[in-house]
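# Examination of the molecular architecture
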Protein chains: 2
Amino acid sequence: MAPAANGVSNGAQAPTPSKYDPTFTQRVLDTMGPKTTERNRVVLGSLIRHLHDFSREVELTIDEWMAGVHFVNAVGRIYAESGQTRNEAHRVSDILGLESLVDEIAHKIVSDTGVDPTSSAILGPFWSPNAPFRENGGSIIQNPAPHGGRVCLMHGVISDLVTGRPIPDAVLDIWQASSNGKYDFQDPENQTPNNLRGKFRTDADGKYWFYCYHPTAYSLPTNGPSYQLLQMMDRHPMRPAHIHIMVTHPEYKGCTTQLYPRDDPWLATDTVFAVKDDLVVDFPPLKGDDKAEVELNYNVILAPKDYAGKTF
Amino acid sequence: MAPAANGVSNGAQAPTPSKYDPTFTQRVLDTMGPKTTERNRVVLGSLIRHLHDFSREVELTIDEWMAGVHFVNAVGRIYAESGQTRNEAHRVSDILGLESLVDEIAHKIVSDTGVDPTSSAILGPFWSPNAPFRENGGSIIQNPAPHGGRVCLMHGVISDLVTGRPIPDAVLDIWQASSNGKYDFQDPENQTPNNLRGKFRTDADGKYWFYCYHPTAYSLPTNGPSYQLLQMMDRHPMRPAHIHIMVTHPEYKGCTTQLYPRDDPWLATDTVFAVKDDLVVDFPPLKGDDKAEVELNYNVILAPKDYAGKTF
């Protein structure tokens, strides 16, 4: 987009005469006082400029503006009325793609080695700091899913982006919903705390292995403003099936990400836009292990803490 | 390095290489389904594009994004906890300049006659549909302000933008805060309903006249998220003193606006940005009328309902 001088943008075209006061946005920005921090000046300045450009570009009507005001109030009202447990503002920002974008901005590493580190994906609201350490070869399934679920042997190697060598003593923290689409927090009737959660430490060869479930797709809540917004855009509320992992080691940049079955129907339209190509995986049938039906072989590549990558 | 494409803007510069996925924003937009209305597609599409451009432009951090999520929840929480009477989202949009901008977009008339119609300014939250009709020469002061206040004889002519002729039977609806900065709604201890409100009809010469107060500046509330946002920008919460008027006639475009004393210290930095040059007025001392200390002569120019003005 090519903004005109004075911060007035006319959308995707070159600047054209605008009937709106060309000094307005700058006057709003100029009220920021000398004690504004440099970062607040940059962030809030850009936010105000984009809000104004958006309003002029679409010639936002008073009714549309008022609908937006009501929407913001309704979002926070659900938060208040749920006893501050239902973070609807988080969900709205997710369906607008904002959390995924901020995640990319924070974690994007562009490699100069010909090999890319594992992509990150959003943390989401269901990670817990309390997941227990478990032994390799153990299982995160404390409570078998009441409606069934395919047990999966998940295993792989964590390795160094630069040297390609395996990383011993890395920690892989995994969490996932049960086959009813619910996490332990959300499902006290069927799940004890830390069901489908666990931390595993890689062995001397950088390997980890344990049992979990093949993941299940689920819907975001359909009774609040975020769902109303999805309906205005004729969008579905589904997240593709996924397994969350967070891989850490003191000498490496951590990687928080999600893994998705290749045959999931919601991959291309994930309602929170967290799918990336290298995170789409296969779950082939597993033979010769009577504890699991399928397996997932997933190797994670971490960048050393001081790795800068390609600069822009 | 390929230049960015597909909706990735880098703010005010021409497109430069971006390390962020250049297809991301378009992928989010492409999830809108066929049943999205054309207007929703335009408005929400532009909103999403500007939100993403803003985030990339400032490289929004995860902590900043999360602060924004908390802020939105806090705004709606005040609305919920006040029994839905305190519209904090409205106030936040005002201090970002949004209501004034939307008002300009809705009401801007660019004249081709050499004379401009009276500028509009925001309605604000204190207009009432219940103000009584009063006779010209009457007063809107039902309850003398307990801390004093300078009575003003306000008078003027309402005339036609195109012909210059006076408009009989136009209705001028006025409302104002008392000298303590509060409207009747907010101040039941000192004010009866419709104090400092009234509707007046112009006579055969297009004239109106009545008694009101010289207006008083006041502060927005300083105990909520909107004030926190002002503090982040090192801004004051003051509105300049003002008188609200809404002028209507069935054959003319209505004009809702505000009038400000020229000597008010907050004119240039009105916290909601509603001041325009032709709305700044003088209140000279009035001699020979023992009911008022000062006068305000204010003429209003209305555009006929079918007046198109200059096109862009």
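Bear in mind the structure is a predicted one, so any value in this text is a computation, not a measurement. (Residues numbered from 1 in each chain as written. Chains lettered and ligands numbered in written order. Predicted model: local features only at pLDDT ≥ 70, side-chain atom pairs only at ≥ 80, totals over all residues. Heavy atoms only, no water.)

## A closer look at the overall build of chain A
Helices and strands together make up the secondary structure of chain A, namely six helices and eleven strands. When its C-alpha atoms are laid out on the principal axes, chain A stretches across 75 × 45 × 35 Å. Counting all 312 residues of chain A, 53% fall into the buried class. Of the contacts formed within chain A by residues at least 6 apart in sequence, a portion of 71% connects residues at least 24 apart. Both charge centroids of chain A, one from 28 positive and one from 38 negative side chains, sit 4 Å from each other. (Helix = DSSP H or I, 4+ residues; strand = E, 2+ residues; numbered from the N terminus. Buried < 20%, exposed > 50% of the residue type's maximum accessible area, 1.4 Å probe, protein only. Contact = heavy atoms within 4.5 Å. Lys, Arg positive; Asp, Glu negative; His and termini not counted. Charge placed at Lys NZ, Arg CZ, Asp CG, Glu CD.)

## Considering the state of the cysteines
Throughout the structure, instances matching the rule amount to zero disulfides over all chains. Between A:Cys255, a cysteine without a disulfide, and A:Cys212, which holds the nearest cysteine sulfur, the sulfur-to-sulfur distance is 17 Å. Cysteine B:Cys212 is unpaired, with the sulfur of B:Cys152 as its nearest cysteine sulfur at 4.3 Å. (Disulfide = S-S within 2.5 Å.)

## Remarks on the relation of the copies chain A and chain B
To go from the first copy of the chain to the second, apply a rotation about an axis and then a shift along the same axis. The operation relating chain A to chain B is a screw motion whose rotation component is 180°, with 0.0 Å of axial translation and a residual RMSD of 0.0 Å. Between the two chains, the operation in question is that of a two-fold axis. (Least-squares fit on C-alpha atoms with pLDDT ≥ 70 in both.)

## Describing helix 6 (residues 225-232) of chain B
Within helix 6 of chain B, burial applies to B:Pro225, B:Ser226, B:Leu229 and B:Leu230. Buried residues of helix 6 of chain B, seen end-on, are gathered within an arc of 150° and therefore sit on one face of the element. Tucked inside the fold, the buried residues of helix 6 of chain B contact helix 2 (38-58) of chain A together with helix 3 (62-81) and helix 4 (88-95) of chain B. In the segment just after helix 6 of chain B, B:Asp234 is the residue with positive phi, at about 50°. (Arc of directions from axis to C-beta.)

## Points about the interface of chain A and chain B
Taken together, the contacts link 78 residues of chain A with 81 residues of chain B. In this structure, B:Glu64 engages A:Arg39 in a salt bridge whose closest nitrogen and oxygen atoms are separated by 2.7 Å. At the surface where chain A touches chain B, the tally comes to 29 residue pairs in polar contact (both at pLDDT 80 or more). Of all the secondary-structure elements, those providing two or more residues to the side of chain A that touches chain B are helix 1 (24-30), helix 2, helix 3 (62-81), helix 4 (88-95), helix 5 (98-107) and helix 6 (225-232) of chain A. For the side of chain A that touches chain B, the leading source of residues is helix 2 of chain A, giving 17 residues. Broken down by class, the residue content of the side of chain A that touches chain B amounts to 39 nonpolar, 20 polar and 19 charged. (Salt bridge = Lys/Arg side-chain N within 4 Å of Asp/Glu carboxyl O. Polar contact = N/O pair within 3.5 Å; in protein donor to acceptor, adjacent residues only side chain to side chain. Nonpolar A, V, L, I, M, F, W, Y, C, P; charged D, E, K, R; others polar.)

## A closer look at the sheet that holds strand 2 (residues 171-175) of chain B
Two pairing modes exist for strands in a sheet, parallel and antiparallel, and in both the strands are linked by backbone hydrogen bonds. Residues and elements named next belong to chain B. Sheet architecture is open: five strands sit in the order 3-2-7-8-9, paired in mixed fashion. The two strands at the open ends of the sheet, each matched to only one other strand, are strand 3 (197-201) and strand 9 (280-281). Bridge count between strand 7 (residues 243-248) and strand 8 (residues 255-261): five bridges; the pairing is antiparallel. Paired with Val 247 across the strands is Cys 255, a residue of strand 8. (Pairing = 2+ DSSP bridges.)

## Thoughts on the UniProt feature "domain: Catechol dioxygenase N-terminal" (unreviewed entry) in chain A
UniProt tags residues 38-109 of chain A as "domain: Catechol dioxygenase N-terminal" (unreviewed entry). In residues 38-109 of chain A, helix accounts for 82% and strand for 0%; the two terminal C-alpha atoms are 26 Å from one another. (UniProt positions renumbered as here; feature names shortened; annotations may be inferred.)

## Overview of the pattern of salt bridges
Residue and element names in this part refer to chain A. Summed over the entire model, instances satisfying the criterion amount to 20 salt bridges over all chains. Between Arg 77 and Glu 81 there is a salt bridge, and its shortest N-O distance comes to 3.0 Å. Taken together, the residues span about one helical turn, with Arg 77 and Glu 81 both in helix 3 at a distance of four residues. In this structure Arg 77 comes out as partly exposed when scored by relative accessible area, which is 28%.

## Quick word on the UniProt feature "domain: Intradiol ring-cleavage dioxygenases" (unreviewed entry) in chain A
According to UniProt, the "domain: Intradiol ring-cleavage dioxygenases" (unreviewed entry) feature falls on residues 123-303 of chain A. Taken end to end, residues 123-303 of chain A is 4% helix and 29% strand, and its first and last C-alpha atoms sit 19 Å apart.

## A short note on the pairing of strand 10 (residues 294-297) of chain B
Residue and element names in this part refer to chain B. Burial along strand 10 is one-sided: the face carrying Val 294 and Leu 296 is buried and the face carrying Glu 295 and Asn 297 is not. For strand 1 (residues 151-160) and strand 10, the ladder comprises four bridges, and the chain directions are parallel. Its bridge partner being in strand 10, Met 154 is matched across the sheet by Leu 296.

## Examining unusual backbone geometry
For A:Asn194, which is not glycine, the phi torsion reads 75° and is therefore positive. Along the chain, A:Asn194 falls in the loop between strand 2 (171-175) and strand 3 (197-201).

## Observations regarding the layout of surface pockets
One water molecule sets the probe size; rolling that probe over the atoms shows where empty space is left. Of the volumes computed, that of the largest pocket is approximately 1,700 Å³. As for the largest pocket, its lining consists of 50 residues, of which A:Leu51, A:Val72, B:Leu47, B:Leu51 and B:Val72 are closest to the centre. Of all the secondary-structure elements, those providing two or more residues to the lining of the largest pocket are helix 2, helix 3, helix 4 and helix 6 of chain A together with helix 2 (38-58), helix 3, helix 4 and helix 6 of chain B. Ranked by the residues each element gives to the lining of the largest pocket, the list is headed by helix 2 of chain A, at nine residues. Looking at the lining of the largest pocket residue by residue, the class counts come to 36 nonpolar, ten polar and four charged. (1 Å grid on protein atoms, 1.4 Å probe; cavity = no way out; pocket = protein on both sides within 12 Å on 5 of 7 lines; lining within 4 Å. Points joined across faces, edges and corners; volume = space filled by probe spheres on them.)

## So, the side chain of A:His52
Within the secondary structure layout, A:His52 lies in helix 2. Every residue in contact with A:His52, bar those within four places of it in the chain, is listed here: A:Phe24, A:Thr25, A:Val28, B:Leu96, B:Gly97, B:Leu98 and B:Leu101.

## Side note on the nonpolar core
If you look at the biggest cluster of nonpolar residues, it comprises 71 residues, and the most contacted ones within it are A:Met154, A:Ile158, A:Ile174, A:Ile245, A:Leu296 and A:Tyr298. Core analysis: the next-biggest nonpolar cluster, separate from the first, contains 66 residues, B:Val75, B:Cys152, B:Ile158 and B:Leu230 among them. (Core = buried A, V, L, I, M, F, W, Y, C linked by side-chain atoms within 4.5 Å.)

## Concerning the sheet that holds strand 3 of chain A
Residues and elements named next belong to chain A. Spatial strand order, 3-2-7-8-9: five strands in an open sheet with mixed pairing. Where the open sheet ends on each side, the last strands, each with one partner, are strand 3 and strand 9 (280-281). When strand 8 (residues 255-261) meets strand 9, the two strands line up parallel, connected through two bridges. Residue pairing across strands places Pro 261 opposite Val 281, the latter belonging to strand 9.

## Some words on helix 4 of chain B
One turn of an α-helix holds 3.6 residues; hence residues three or four places apart share an orientation. Of all eight residues in helix 4 of chain B, eight are buried, a share of seventy percent or more. Every buried residue of helix 4 of chain B is accounted for by B:Glu88, B:Ala89, B:His90, B:Arg91, B:Val92, B:Ser93, B:Asp94 and B:Ile95. Its buried side turned inward, helix 4 of chain B meets helix 3 of chain A together with helix 3, helix 5 (98-107) and helix 6 of chain B. B:Gly97 lies just past helix 4 of chain B and shows a positive phi near 85°.

## Re the pairing of strand 8 of chain A
All names here are of chain A. Burial analysis of strand 8 places seven of its seven residues in the buried class, which makes it a mostly covered element. Alternating residues of strand 8 divide into Cys 255, Thr 257, Leu 259 and Pro 261 and Thr 256, Gln 258 and Tyr 260, and every residue in both groups is buried. Counting the residues in the hairpin turn of strand 7 (residues 243-248) and strand 8 gives six residues.

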